[in-house]
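An overview of the molecular structure
Next come the chains, spelled out residue by residue.
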Amino acid sequence: MSHDHDHDHSELSEIELRVRALETLLTDKGYIDPPALDELIETYETRIGPKNGARVVARSWIDPEYRQRLMSDATAAIAEFGFTGRQGEHMVAVENTPDTHNMVVCTLCSCYPWTVLGLPPVWYKSAPYRSRTVRDPRGVLAEFGVTLPKETQIKVWDSTAEVRYLVVPMRPAGTDGWSEDKLAELVVRDSMIGTALALDPAKLETAA
Amino acid sequence: MNGAQDLGGQMGFGPIEIEENEPNFHAKWEERAFALTLAMGMTSSWNIDTSRHARETLHPVDYLSSSYYEIWTKGLEKLLLNAGLVSAEELKAGAALGPAAPVKRIAKAEDVATILAKGGPADRPQTQPARFKVGDKVRTKRMHPEGHTRLPRYARDCIGVIEAVHGVHVFPDSNAAGKGEAPTWLYNVTFRGTDVWGEDSDPTLTLQIDLWEPYLDLA
């Protein structure tokens, strides 16, 4: 028996064995229906993710009446796209302006607006981000490559309740006349958490 | 509780590890741990506050040295034991050794989309007037409950201003303890960074924290 290969499939890690045992037990007991597990994974892998939020933001950039609805009742405005439910039951949209930058964190666990952003990245759930964002947001932003003017007011939203926050980044200059779909490509996930700005349109055109 | 989960303002965790084009899951077992947790949540054998409390009551060393889905797995095992759905022997054996306990719902694949789209709203009917209004100056309580709470340590005994009145929401401190939903008014409160962290704080920082009425007094 060889132990040379860390990823040898015959040697499962402790946590792999633990999760496998749990699934077997819960299936044996009849508490879960295994196809429902596959469906849950498939849903968040393919249907619910940050492209949802990008559509909401892009619409708010081109449609002032939609923007009004989003700012006054985000849950209803987001539901216009059919994005409702789990971890998005009570939505609030917070808008970045030249004077104010918003960032979202959950210091106590990992609350995140799933309906519009999907599942949170590892860094969002990690101790470095959760500990530091409320105290040193500019230091955190620097690690994401974002530097704001020193007079910009920074609002950090700590998601302590079932209210979920969606940051609406500023629309980049040089995007006049762009379609909603094209604008949505600028709205990267991190810009809706507040750890990035919307993409520079020049960069998108280089990439395309 | 003052557990390892209450991370706001703690120091020494080092830089943030950012992964470009990060996948949702980094291994098959993470997918299964995620789906098991959601599917068992759909049996309604506990509530979201109980499940958060199950995770935060992991030993601090265990909590801080576990990955996110490891924390979920360990939390799920605890919830299953506490709800009497499995025994410790069964967890060890990875097999059923006795009959199942009744659960309220077993989600089928075709139910998943509907259940997710419905979610679990936390707002409840208003039965008494809100104690505070927008603009009121409030002070958060100095408190250190051993049970679940959503008032982070860094924001205790601090002066803030009511920014928004969200409505009446389930009160986690009660709900996590199995003492009922005890719905109460929920507010968003603005704190100046300097009022939380002292004069060394970034002067442009404000913190916006959602807090329930029992955490607050007029200042």
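When its secondary structure is counted, chain B shows eight helices and five strands. Traced from its N-terminal end to its C-terminal end, chain B shows the element sequence α-α-α-α-α-α-β-β-α-β-α-β-β. Projected onto the principal axes, the alpha-carbon positions of chain B cover approximately 55 × 45 × 35 Å. Across the 219 residues in chain B, those meeting the buried criterion constitute 42%. Sequence separation of 24 or more characterises 66% of the internal contacts of chain B that already satisfy a separation of 6 or more.

Of the residues lining the interface, 66 residues belong to chain A; the matching set on chain B comes to 71 residues. Residue assignment for the side of chain A that touches chain B shows that the elements contributing at least two residues are helix H1 (14–29), helix H2 (34–47), helix H7 (122–125), helix H8 (127–132), helix H9 (137–143) and strand S3 (153–158) of chain A. For the side of chain A that touches chain B, the element with the most residues is H1 of chain A, which contributes twelve residues. A class-by-class count of the residues in the side of chain A that touches chain B yields 32 nonpolar, 14 polar and 20 charged. The sheet contact formed by S3 of chain A and strand S4 (residues 205–212) of chain B spans five bridges and is parallel. Across the sheet, residue valine 156 of chain A finds its bridge partner in S4 of chain B, namely leucine 207 of chain B.

A few words on the domain arrangement of chain B. Residue and element names in this part refer to chain B. Segmenting chain B into domains produces domain 1 (28–118) and domain 2 (137–218). A C-alpha centroid distance of 28 Å is found between domain 1 and domain 2. On the domain 2 side, the residues contacting the five residues of domain 1 number four residues. Class assignment of the residues belonging to the side of domain 1 that touches domain 2 gives a composition of no nonpolar, three polar and two charged.

Before going further, it helps to spend a moment on the packing of helix H3 (residues 50–62) of chain A against helix H4 (residues 64–72) of chain A. All names here are of chain A. The contact between H3 and H4 brings their axes to 5 Å, and the two run at 125 degrees. Compared by their axis directions, H3 and H4 come out oblique. Judged by the sense of rotation from one axis to the other, the crossing of H3 with H4 is left-handed. Along the contact surface, H3 presents Val56, Arg59 and Ser60, while H4 presents Tyr66, Arg67 and Leu70.

We now examine the environment of glutamate 56 of chain B. Residues and elements named next belong to chain B. Within the element layout of this structure, glutamate 56 appears in helix H2 (residues 48–56). You can call glutamate 56 buried: it has 22 C-beta atoms within 10 Å. Along the chain, glutamate 56 and glycine 9 lie 47 residues apart, while their C-alpha atoms are 17 Å from each other. Those residues in contact with glutamate 56 that lie beyond four places of it in its chain are Met1, Gly3 and Gln5.

Glancing now at the environment of glycine 94 of chain B. Structurally, the position occupied by glycine 94 of chain B is in the loop between helix H5 (88–93) and helix H6 (112–118). Of the residues examined, glycine 94 of chain B has 15 C-beta atoms within 10 Å and is grouped as partly exposed. Excluding residues within four positions of it along the chain, glycine 94 of chain B makes contact with Ala21, Thr24 and Leu25 of chain A.

Another aspect to go through is helix H4 (residues 68–82) of chain B. With 15 residues, H4 of chain B ought to run about 21 Å at 1.5 Å a step, and its terminal C-alpha atoms sit 21 Å apart, in line with that. For H4 of chain B, the buried fraction is high: eleven of the 15 residues fall into the buried class. Those residues of H4 of chain B not exposed but buried are Tyr68, Tyr69, Glu70, Ile71, Trp72, Thr73, Lys74, Gly75, Leu76, Leu79 and Leu80 of chain B. Against H1 and H7 of chain A together with helix H1 (28–41), H2 and helix H3 (60–65) of chain B lie the buried residues of H4 of chain B. A positive phi of about 70 degrees marks glycine 84 of chain B, the residue just after H4 of chain B.

Turning next to the packing of H1 of chain A against H4 of chain B. Between H1 of chain A and H4 of chain B, the shortest axis-to-axis distance is 11 Å and the interhelical angle comes to 40 degrees. Between H1 of chain A and H4 of chain B, the interaxial angle falls into the category oblique. Here H1 of chain A runs over H4 of chain B; the crossing is left-handed. Only Glu70, Thr73 and Glu77 of chain B of H4 of chain B make contact with H1 of chain A, whose side of the interface consists of Ile15, Arg18, Val19 and Leu22 of chain A. Taken together, the residues that form the contact of H1 of chain A with H4 of chain B break down as three nonpolar, one polar and three charged.

Further remarks concern the sheet that holds S3 of chain A. Strand order in the open sheet formed by seven strands is S2(A)-S3(A)-S4(B)-S3(B)-S2(B)-S1(B)-S5(B), and the pairing between neighbours is mixed. Each end of this open sheet is capped by a strand with a single partner; those strands are strand S2 (100–105) of chain A together with strand S5 (216–218) of chain B. When the angles between neighbouring strand axes are averaged without regard to direction, this sheet yields 35 degrees.

A regular strand places its side chains so that they alternate between the two faces of the sheet. All names here are of chain A. For S3, the buried fraction is high: five of the six residues fall into the buried class. Of the strand pairs in this sheet, S2 and S3 are connected by six bridges, and their pairing is parallel. Within the sheet, the bridge partner assigned to histidine 101 lies in S3 and is isoleucine 154.

Our next topic: H3 of chain A. Residue and element names in this part refer to chain A. Taking 1.5 Å as the rise per residue, H3 with 13 residues should run 18 Å; its terminal C-alpha atoms sit 19 Å apart, in good agreement. Summarising burial for H3: ten of the 13 residues are buried, a large majority. Burial in H3 covers these residues: Pro50, Asn52, Gly53, Ala54, Val56, Val57, Ala58, Arg59, Ser60 and Trp61. Buried positions along H3 lie against H4, helix H5 (74–79), helix H6 (114–117), strand S4 (163–168) and helix H10 (180–184).

Conventions adopted
- Residues numbered from 1 in each chain as written.
- Chains lettered and ligands numbered in written order.
- Predicted model: local features only at pLDDT ≥ 70, side-chain atom pairs only at ≥ 80, totals over all residues.
- Helix = DSSP H or I, 4+ residues; strand = E, 2+ residues; numbered from the N terminus.
- Buried ≥ 20, exposed ≤ 12 C-beta atoms within 10 Å, placed from the backbone.
- Contact = placed C-beta atoms within 7 Å.
- Nonpolar A, V, L, I, M, F, W, Y, C, P; charged D, E, K, R; others polar.
- Pairing = 2+ DSSP bridges.
- Domains from an automatic or database assignment.
- Axes fitted to C-alpha atoms, helices over the stretch in contact; angles between N-to-C directions.
- Parallel < 35°, antiparallel > 145°, perpendicular 65-115°, else oblique.
- Left-handed = near helix turned anticlockwise from the far one by under 90°.
- Expected span 1.5 Å × (residues − 1).

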